[in-house]
Structures are given as C-alpha cells and as structure tokens.
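Listed here are the chains, written in short residue letters.
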Amino acid sequence: MKFGYFDDQNREYVIQQPNTPLPWINFLGNEKYFGIISNTAGGYSFYQDARLRRITRYRYNNAPLDVGGRYLYIRDNKAASLGQEDYYWSPSWQPVRKDLDQYQCRHGLGYTTILGKKNDLICEGSYFVPLNQDFEVWRFTLKNQRKQPADLSLYSAVEFCLWDAADDQNNFQRNLSIGEVEVEDGVIYHKTEYRERRNHYSYLACSVPIKGFETQREAFLGPYRGWENPLAVEKGTTENSLAHGWQPIGAHHIRLTLQPGESQEVIFILGYQENSRKKKFSDPESQILNKSEAKSKLKMYLNSDYVVNALSELKEYWDDLLGVYQVNTPDPHIDRMVNLWNQYQVMATFNFSRSASYFESGIGRGMGFRDSNQDLLGFVHLIPERARERILDLAGTQKEDGSAYHQYSPLTKRGNDAVGSDFNDDPLWLVLAVAAYLKETEDWPILDNLVPYDNQPGSEKTLFHHLNASINFTLDRLGPHELPLIGRADWNDCLNLNCYSTEPGQSFQTTTNKGGKTAESVFIAGLFILAANEMVKISKFRKDEISVNRYQKAAEKMELSIWEHGWDGEWFKRAYDDAGAPVGSRSCAEGQIFIEPQGFCIMAGLGLRNGKARMALDSVNERLATEHGIVLQQPAYSKYYLNLGEITSYPPGYKENAGIFCHTNPWIMIAEAMLGEGKKALDYYHLINPSVREEFSDLHKCEPYVYAQMIAGRDAATPGEAKNSWLTGTAAWNFLAISQWILGIRPDYDGLIIDPVIPEEWNGFQAVRKFRNVTYKINVSRIGQGDDLKISIDGKHIRGNIIKRVPRDLSEIEVDVSIGSVT
Ligand code: GLC
Ligand code: GLC
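What counts and how
- Residues numbered from 1 in each chain as written.
- Chains lettered and ligands numbered in written order.
- Predicted model: local features only at pLDDT ≥ 70, side-chain atom pairs only at ≥ 80, totals over all residues.
- Heavy atoms only, no water.
- Near = heavy atom within 4 Å.
- Polar contact = N/O pair within 3.5 Å; in protein donor to acceptor, adjacent residues only side chain to side chain.
- Areas by Shrake-Rupley, 256 points an atom, 1.4 Å probe, with all protein chains shown as cover.
- Axes fitted to C-alpha atoms, helices over the stretch in contact; angles between N-to-C directions.
- Helix = DSSP H or I, 4+ residues; strand = E, 2+ residues; numbered from the N terminus.
- Parallel < 35°, antiparallel > 145°, perpendicular 65-115°, else oblique.
- Contact = heavy atoms within 4.5 Å.
- Nonpolar A, V, L, I, M, F, W, Y, C, P; charged D, E, K, R; others polar.
- Expected span 1.5 Å × (residues − 1).
- Buried < 20%, exposed > 50% of the residue type's maximum accessible area, 1.4 Å probe, protein only.
- Salt bridge = Lys/Arg side-chain N within 4 Å of Asp/Glu carboxyl O.
- Phe/Tyr/Trp six-rings, centres within 6.5 Å; stacked < 30°, edge-to-face > 60°.

Q: Can you explain the site of ligand 1? Please cite residues and give values.
A: As a structural note, the neighbourhood of ligand 1 is formed by Arg-354, Arg-365, Arg-370, Asp-371, Trp-491, Asn-492, Asp-493, Glu-656, Phe-661 and Gln-709. Separating an oxygen atom of ligand 1 from a backbone N or O atom of Trp-491 is a distance of 2.5 Å. One nitrogen or oxygen atom from the side chain of Glu-656 is found 2.5 Å from an oxygen atom belonging to ligand 1. For ligand 1, the accessible surface in isolation is 300 Å², of which the surrounding protein chains cover 97%.

Below, the structure written as structure tokens:
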C-alpha cells in the first residue's frame with residue numbers, strides 16, 4: 001500500500017494522507033539554522049547543534065506520535081458561537097487531528113508544503129529556511145471558498161526549548177524557574193539565560209497585527225490539556241501571559257475576516273539571533289534585549305515578495321547542485337534516486353551525521369568521525385569547498401598517535417569521547433575521505449595544509465602527516481595473527497570484543513574490561529589495504545617514492561595476513577575474539593558469515609584474480625541475500641554471547657544482529673560491479689531502493705524517498721520493516737555504488753573514469769557529469785553483449801576508459817560510449 005506518490009517533475013514526494021505509518025520527515029535549512037519537519041508539521045529547529053542550541057521542543061517516543069511542531073490552529077468563530085462541532089482544527093492535521101476534507105503534504109528540496117481543507121476553508125502552508133539566513137519562514141495562504149464571509153481566529157504555537165536539549169529534559173529543579181520572554185510589537189522573544197552567559201535568543205514573529213498572545217504554556221493549553229485542544233483556542237481568547245519560569249511558548253492570536261472567494265497570506269518567522277557580547281542589551285544598564293538585528297530581518301522577510309523570492313532562490317540553488325550529476329536510464333527508480341533523493345539525502349547526512357532525525361535525538365551523537373568521513377564520499381561532488389572544510393575539521397580532532405575521537409560537537413568542533421572511543425577503524429576513514437576529495441578536485445595543496453592535533457595550538461602538522469598517522473595507527477596495533485586489533489569495535493559498533501559485560505544497562509560503547517591485545521578485525525585489515533592503496537597513489541603524485549614503497553609493502557603484508565588467517569575457505573572471516581577464536585567462520589555455532597569483510601576485502605582488490613572474490617560473493621548470495629536486502633550475518637545470534645557484546649544483545653533479525661543493515665549492501669554491489677556483474681549489483685540495489693519499496697509502504701513504514709539504516713531481516717518477527725531513516729551511511733555508499741560503479745562514472749586522481757557495468761537488457765543511458773569545470777555529456781549505447789567499452793570524445797576515439805585531459809578552452813564535451821561487442 002502507498003501513502004502518496006513521487007512527483008518527479010516538481011521534485012517532490014506527495015503524501016496524500018496524514019496518518020503515515022511513521023512521521024515522514026524532511027529537513028529544512030542549509031548551513032547553520034536547521035529543522036526537521038514531518039508531514040503533519042511536527043518536528044523542531046536548532047542552530048548548528050541539535051543538542052546545545054535547540055530552539056524548539058520535541059518529545060521523542062511520545063504518544064500520540066510526533067508531538068511538538070510548528071503548529072497552526074484555525075478557529076471558525078461563527079461556528080463556535082453557533083455551538084457547532086469541529087469549529088477548530090489544524091490544517092496540517094496535527095496537533096488537533098480532526099478529519100480534513102482534503103490533505104496533501106509535499107516534501108521538496110529544503111521546503112515542505114502542507115495543504116489542509118476543511119469546511120470550505122483552504123489553508124496552504126510552506127515551510128523553509130531561506131539561503132544564508134538564521135530563521136525559518138512559514139507562509140500560509142488561506143482561502144475562503146464559502147458563499148459567506150468567514151470570521152476566523154488563527155493561533156500559531158511553538159514550545160521553546162531552554163537551549164540545551166539534554167538539560168531541558170533533565171534538570172527540572174532549575175529549568176522550571178529560568179524561562180524568560182519579552183513581547184514587543186507582537187513579536188515573541190525567547191531569552192532564557194540571556195541575562196547571564198548566553199548571547200543568543202530566538203523569536204517568533206507574524207506578518208499581520210495580532211489580537212493577543214500567550215507565552216506561558218499552561219495559559220495557552222489550560223491545565224491538564226494537550227496541544228490537541230488548547231483552552232485558548234477552544235474559547236477564542238488570549239490573556240497575553242508572560243512566562244516567568246515554567247514552560248515558555250510562542251503563540252499568537254490573529255483575527256481575520258475573509259470575504260467569499262477572498263484569500264489572505266499570513267507569514268510567520270521563527271528565528272535565532274546572536275548579539276555581540278558588548279551589545280547584548282538595548283541599553284547597557286537594562287536587561288532588555290537588543291533586538292535591532294532581528295527587527296531589520298523581520299522588516300524584510302515578513303513581506304511576501306521577499307519570501308517568494310527566497311523560495312525560488314532555494315529552488316535554483318538545488319537545481320544547480322543537482323546539475324552536477326544527472327542521468328537518464330531505462331529505470332525510473334534509478335533516475336529519481338540518483339537525480340534527486342539520494343543526492344538530497346547525502347546533503348542531510350553530510351550536515352547532520354547521525355545527530356538529529358526522527359530516530360536520532362540530537363543529544364547524544366554529535367558528528368561521528370567514521371560517519372562523517374563516509375558521508376563525505378557521497379557529498380564531495382556537490383560542494384567540494386564544504387567537503388574541504390569538513391576534512392580539516394575532522395583532521396583537527398585527530399590525536400597525535402593517529403587515533404580519533406569517535407565524535408565531535410558541530411558547535412565547538414571539539415572531539416569528545418563521552419559516548420565511546422577507541423574504535424580502531426576510525427582513523428582510516430579519513431584517508432578515504434581525502435582520497436575522494438582529491439579525485440574530485442585535484443586540490444593537491446590541501447595535503448600541505450597545517451592542521452592541529454586534538455585542536456591544540458602549536459601541534460599543527462600537514463594533512464599528509466595526519467594521513468600517515470592514520471596508517472601508522474593500524475600498523476602500531478597488530479594482533480597475534482598480524483591482523484589489526486579491533487579496539488572497542490570497528491565499523492560494526494556492536495561487535496564489542498573487548499567488553500565482557502554482565503551488568504544490565506552498562507554501555508557497550510564505553511565499557512572495556514579486556515586488555516585489547518588479542519581481538520582482531522579482518523574488516524579493518526580490508527579497510528587498511530584500501531586506504532594504503534590510496535596512499536600509494538597519493539604518494540606517487542607527490543613523487544614521494546619512499547612513501548610509495550612503504551605503503552605498498554604494508555598493503556602487501558596485510559594481504560598475506562588476510563589470506564593466511566582471514567580466509568575461511570569460502571568467504572572472509574570477520575574477526576578473532578579475545579580468546580583468539582574466530583568470529584564469522586564455519587567453525588562458529590552462530591554468526592558464521594558476515595557481510596562486511598566480503599565487501600571490504602574485495603573492494604580492496606583481494607581475490608579478483610584467483611576466483612576467491614567470486615566465491616565469497618556467491619557465499620553472500622547463498623547465505624545472506626533475502627528478498628528485502630542482504631542481512632548482516634547468519635545464522636543470527638539466538639542468545640547473548642559475553643565475548644561478542646552488543647551485537648548479540650539485539651533480538652535476531654534486528655540491527656546488527658542479522659538485520660539488513662543497508663549501509664553494507666552497496667559494498668557488495670560495488671564488489672559485484674568490480675567483477676563485471678552489473679545485473680547482480682542492480683538486483684541488490686533494487687532490494688533496498690526506497691522508491692522500489694514504495695509499493696509496500698505499509699510494511700516498510702519509513703519514507704519511500706530516503707534510505708533507512710535498517711530493514712528487519714528474515715529472522716525478525718517483522719521482516720521488511722525499516723527503521724532509522726535518513727541519517728545513515730547508506731546514502732553516501734549507495735550513491736557511490738550506483739553512480740560510480742554500476743553506471744561507472746567515477747572520478748580518479750588523473751581524470752574521469754567511464755566504466756559502466758549495466759545489464760544486458762539495457763540499451764544504454766545518458767548522463768551529465770560536471771567535473772573539474774567541464775561538463776561531460778555522456779551517451780552510453782549498447783551495441784552487443786558483454787561489457788567491452790569503446791569511448792570517443794567529440795567524435796575522436798580514445799584508448800582506455802579514463803578521460804585524462806580536456807583541452808583548456810572546452811567547458812563541455814560529448815562522450816560517446818559503446819558497450820558490448822557485435823558478434
Ligand atoms: C551506526 C553508526 C556507524 C556504525 C554502524 C554499524 O550507523 O553510526 O558508525 O558503523 O552503526 O554499527
Ligand atoms: C547502537 C547501534 C549502532 C550504533 C551504536 C553507536 O549500538 O546499534 O548502530 O552505531 O549504537 O551509537
């Protein structure tokens with residue numbers, strides 16, 4: 001069953017009923033001011049850091065679902081005075097949840113539009129954050145389709161968060177006494193803690209004169225009431241309450257009369273403002289906010305022309321970004337994901353890592369080191385300058401011994417290990433990120449950029465030094481089989497081989513009670529070879545023969561260790577535990593084969609020539625592939641194993657315990673593509689492609705336009721049910737698998753590789769790729785069976801499959817590719 005449809009032309013997903021299986025969300029904002037918004041206007045906003053600068057409140061795991069949002073109430077005053085039922089409702093359905101006569105939500109690129117019609121009144125609201133601004137706009141158009149005038153009250157409502165979203169949910173003995181607001185000219189300013197150390201406030205403003213307001217939650221809702229039936233809305237009044245402590249909110253009351261056929265626009269602006277410390281107060285002797293910055297913005301943006309313009313600028317911005325990679329293939333599911341939604345999702349993962357979504361509370365995870373480096377792989381072609389900045393930020397949190405904090409705060413850019421450290425794979429991902437950046441941009445000077453270790457002034461070394469430290473970090477930590485020690489865990493955060501925990505509630509991500517000198521990871525070994533191979537190529541470009549040699553030798557040696565101790569006969573083993581026993585081996589009772597090392601060892605080039613890669617992939621197909629995607633391991637762990645950690649804490653079929661952890665599936669697609677198996681790769685691609693899964697949205701539950709982290713595996717009670725949509729490494733990796741490996745348009749250090757591996761039934765496809773200031777118009781046509789390629793540029797045949805040099809004066813070239821051979 002579907003709940004909506006793709007409007008490919010308008011680049012929107014259209015939701016046609018409000019009660020989707022889960023809130024289907026979209027992200028607002030571009031660089032600093034962000035929000036999440038659901039299809040019923042639920043969600044919240046924050047500035048830069050979802051924990052430290054939370055602007056509005058939201059309650060996860062609440063009932064009913066998805067409460068806390070950007071709410072509007074419409075009250076029909078005449079109907080109320082006549083004692084009619086249903087005299088107030090919300091045009092976004094929530095929070096009132098009264099049936100609407102018509103409902104439609106359109107999630108677009110950086111904006112969401114929700115239309116709700118009831119009793120012949122249509123209200124359409126658009127929500128977005130203008131480019132380069134620290135506020136969001138809600139623009140409503142109300143139309144009276146009745147034959148009589150409509151006497152209406154509108155109420156806006158947001159609940160302010162007292163800034164630190166974690167503290168906001170904990171420290172009530174303090175929090176219930178600190179809330180402060182000001183109201184001036186109908187603008188509600190939230191200024192909790194501004195009197196002391198903060199120099200920022202938020203505000204909610206409205207484009208039309210107001211009749212009243214509330215800023216104290218209980219005054220608006222009435223005691224023991226919820227957002228679905230505020231007393232103020234029920235009675236049609238407001239008392240102009242000023243919050244002193246308790247729960248500050250922003251709610252306006254507007255009176256409107258609409259003649260038959262008349263429509264009116266009402267704009268609200270919810271914003272964040274910082275003042276310089278010297279100019280915090282309007283008068284230095286007072287405690288009154290200096291509001292001048294906010295006022296000058298409001299003067300412009302409470303005005304329709306600015307708003308309309310800002311929304312079209314936002315659309316143009318996305319048109320430009322997406323113009324970097326566009327394809328036209330025989331498959332609509334590929335086209336809409338590649339051209340649009342997958343690229344849009346990589347922006348979100350780049351911006352938020354795993355910090356704030358409907359599943360990530362925004363208070364625990366900051367920017368992951370491993371995660372952000374991988375997110376960058378799928379993002380770098382969109383805005384290379386931002387990728388550059390991110391690389392330097394990440395490297396700046398690295399420690400001198402090459403190790404990495406597992407995450408850092410986006411606001412302070414400082415690493416923190418409150419939620420775990422010592423993941424021995426972390427440092428190596430930096431090498432992959434930098435390699436991808438160099439391939440996209442040729443910005444070789446970045447390697448000589450000075451970057452501190454652990455943000456310590458005076459510790460600056462070149463970025464190349466940092467990469468070298470990453471490699472050394474692994475080499476300095478080899479175990480009994482000459483394989484990398486795993487540390488707390490590797491990519492699989494839940495394979496905690498040094499944490500034997502028997503205490504309920506003890507965190508697997510911070511507990512260590514084994515020495516760490518025995519447990520090894522075959523996955524890190526594969527990742528290491530991939531990274532070392534990139535270092536070989538990077539060092540060649542730097543004409544640094546000593547490094548070339550060193551990295552080459554290190555990679556070769558690691559490969560030998562893998563073949564000797566990491567190959568299980570038909571697939572790669574996963575690890576060795578603290579007792580030196582193999583994990584992911586035929587000899588194990590459960591968890592005999594894992595997906596991760598199959599993908600990574602093959603991507604690192606192992607077994608491509610001796611048939612073992614094929615053998616491993618056949619084992620994956622036979623043992624791990626299911627109708628909903630490839631599960632992480634088999635057989636699922638049926639009980640808790642002390643030596644394995646969190647992975648066995650999940651019930652079988654969920655998350656890392658044999659769930660379809662989508663992030664890993666593209667590794668297998670890439671491996672298949674490397675072996676020339678385009679059809680097999682695409683078959684896997686389609687299993688987890690959300691657009692393909694749209695047909696059974698009731699089972700899948702998550703949004704049909706973005707990847708989810710996890711789809712329940714075949715051992716689960718609910719196979720096929722997805723969770724943790726949006727913020728997952730699946731976005732970046734799947735974009736790589738389809739765009740670079742299956743469609744085969746792949747940046748490399750010295751040019752653009754064109755190497756499609758497409759199914760026999762495809763006649764070909766077209767693509768446009770902007771790469772290093774040149775637009776490549778690529779036309780692939782199948783002329784026979786097989787994957788033989790012939791490439792010509794502007795009519796001239798070239799040798800090989802890499803386009804190295806484009807004459808300087810050309811900004812656009814035509815690339816013709818014929819695929820297959822004529823028999
Ligand atoms: C989560 C983490 C990621 C980890 C993965 C597998 O998605 O964010 O870092 O690799 O789980 O455990
Ligand atoms: C949980 C999740 C895993 C995540 C880890 C760290 O264990 O299952 O996916 O990586 O937490 O936050």
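Alright, that's what it looks like, and here's the rest.
Q: Can you lay out the packing of helix α6 (residues 304-322) against helix α7 (residues 332-352) for me, pointing to particular residues and giving the numbers?
A: Here α6 crosses α7 at 100°, and the two axes come no closer than 11 Å. Put simply, α6 runs roughly perpendicular to α7. Packed against α6, whose contacting residues are Tyr-317, Trp-318, Leu-321 and Leu-322, the element α7 presents Asn-339, Leu-340, Gln-343, Tyr-344 and Met-347 at the interface. For the contact of α6 with α7, the per-class residue count stands at 7 nonpolar, 2 polar and no charged.

Q: So what's going on with the environment of Ile-188? Which residues, and what values?
A: Mapped onto the secondary structure, Ile-188 falls in strand β15 (residues 187-190). Between the alpha carbons of Ile-188 and Phe-213 there is a distance of 8.4 Å; along the sequence they are 25 residues apart.

Q: Before we move on, can you summarise helix α13 (residues 545-566) with the specific residues and values?
A: At 3.6 residues per turn, the α-helix brings residues three or four places apart onto the same side. Taking 1.5 Å per residue, 22 residues should reach 32 Å; α13 reaches 30 Å between its end C-alpha atoms and fits that length. Turning to α13, its buried residues are Ser-547, Val-548, Tyr-551, Ala-554, Ala-555, Met-558, Ser-561, Ile-562, Trp-563 and Gly-566. Buried-residue contacts for α13 involve α11 (463-475), α12 (522-541), α14 (595-603) and α15 (612-623).

Q: Hey, could you go over the pattern of salt bridges for me, with residue numbers and the actual values?
A: For the coordinates displayed, the defined rule picks out 54 salt bridges. The partner of Arg-198 in a salt bridge is Glu-193, with the nearest N and O atoms 2.7 Å apart. Arg-198 gets classed as buried once you look at its relative accessible area, which sits at 15%. Residue classification places Glu-193 among the buried positions, given a relative accessible area of 13%. Note that Lys-777 is salt-bridged to Glu-812, the shortest N-O span being 3.4 Å. Of the two residues, Lys-777 is situated in strand β39 (residues 774-782) and Glu-812 in strand β43 (residues 812-821); the sequence distance between them amounts to 35 residues. Accessibility expressed as a relative area gives 38% for Glu-812, which makes it partly exposed. One salt-bridge network, held together by shared partners, links Arg-57, Arg-59, Glu-159, Asp-168, Arg-217 and Glu-218.

Q: So what's going on with the site of ligand 2? Residues and values would help.
A: By nearness alone, every residue bordering ligand 2 is listed as Arg-365, Asp-493, Cys-494, Gln-509, Glu-646, Tyr-650, Lys-655, Glu-656, Phe-661 and Gln-709. Measuring from an oxygen atom of ligand 2, one finds a side-chain N or O atom of Tyr-650 at 2.6 Å. Contact between ligand 2 and Lys-655: an oxygen atom at 3.3 Å from a side-chain N or O atom of the residue. Tallied by class, the residues present in the shell around ligand 2 amount to 3 nonpolar, 2 polar and 5 charged.

Q: Summarise the packing of aromatic side chains; cite the residues concerned and give the values.
A: Scanning the entire structure with this criterion turns up 58 aromatic pairs. Judged by centre distance (4.7 Å) and plane angle (25°), the ring pair of Phe-27 and Phe-352 falls under stacked. Pair noted here: Phe-27 is in strand β3 (residues 25-28) and Phe-352 is in helix α7, with a separation of 325 residues, a long-range link. Assessed through its relative accessible area of 5%, Phe-27 is described here as buried. On the basis of relative accessibility, which here comes to 2%, the residue Phe-352 falls in the buried class. Pairing Tyr-87 with Tyr-88 gives two aromatic rings, centres 5.3 Å apart and planes at 70°, and the pair type is edge-to-face. Residue classification places Tyr-87 among the buried residues on the basis of a relative accessible area of 16%.

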